[in-house]
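Structure assessment
Here is what each chain is made of, one letter per residue.
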Amino acid sequence: MNVSIPLVVILGMAVWVAWRYMGLRGWHIAVCLLFGFFLSATSAAPEIRRLVSVLVQSLSQH
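Read on for a plain summary of the structure.

**Section: the overall build of the protein chain**
Each helix and strand counted, the protein chain has three helices and zero strands in total. Start at the N end of the protein chain and walk to the C end: the helices and strands fall as α-α-α. Computed over the C-alpha atoms, the radius of gyration of the protein chain is 13 Å, more than 25% above the 11 Å expected from 2.2 N^0.38 for a compact globule of 62 residues. Principal-axis analysis of the C-alpha atoms gives the protein chain an extent of 35 × 30 × 15 Å. Relative to its 62 residues, the protein chain shows a buried fraction of 5%.

As structure tokens, this is what we get:
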């Protein structure tokens, strides 16, 4: 699955809204980014990509 720019923008906007209006701190964002970065290097990464792909496909059909 190729991650498209719109999906990245939507996720980035969600983080910005959480930071701006929900009290998310800068270090929370850094921990989430590091978690995602290191999670992508594990054996769970292909399964996560498949799950995201299925979710995006199912949402785009409705």
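**A few points about a nonpolar patch on the surface**
On the surface, W16, V17, W19, Y21 and M22 cluster together to form a nonpolar patch covering roughly 610 Å² of accessible area. Following the sequence through the fold, W19 ends up in helix α1 (residues 5–21). Given a relative accessible area of 43%, W19 falls into the partly exposed group.

Reading the values: the criteria
- Residue positions are given per chain, counting from 1 as you read along its sequence in written order.
- The predicted nature of this model means local features are confined to residues of pLDDT at least 70 and side-chain atom pairs, given and counted, to a pLDDT of 80 or more, with totals for whole chains, interfaces and linings taken over all residues.
- Water and hydrogen atoms play no part in the side-chain values, which are based on all heavy atoms of the structure.
- Helix numbering and strand numbering both begin at the N terminus, where a helix is a DSSP run of H or I of at least 4 residues and a strand a DSSP run of E of at least 2.
- Here the radius of gyration uses the C-alpha set of atoms, whereas the globule reference equals 2.2 Å times the residue count to the power 0.38.
- With a 1.4 Å probe rolled over the protein chains alone, any residue whose accessible area is under 20% of its type maximum counts as buried; one over 50% counts as exposed, and the rest are partly exposed.
- Patch criteria: residues need more than 30% relative accessible area and no salt bridge. Like-charged residues are merged within 9 Å; nonpolar side chains of Val, Leu, Ile, Met, Phe, Trp and Tyr are merged within 5 Å.
- Per-residue accessibility takes into account occlusion by the displayed protein chains alone, with areas from the Shrake-Rupley method and a 1.4 Å probe.
- By definition here, a salt bridge exists when the distance from a side-chain nitrogen of Lys or Arg to a carboxyl oxygen of Asp or Glu is within 4 Å.

Geometric descriptors of this kind do not, in isolation, establish any biological role.
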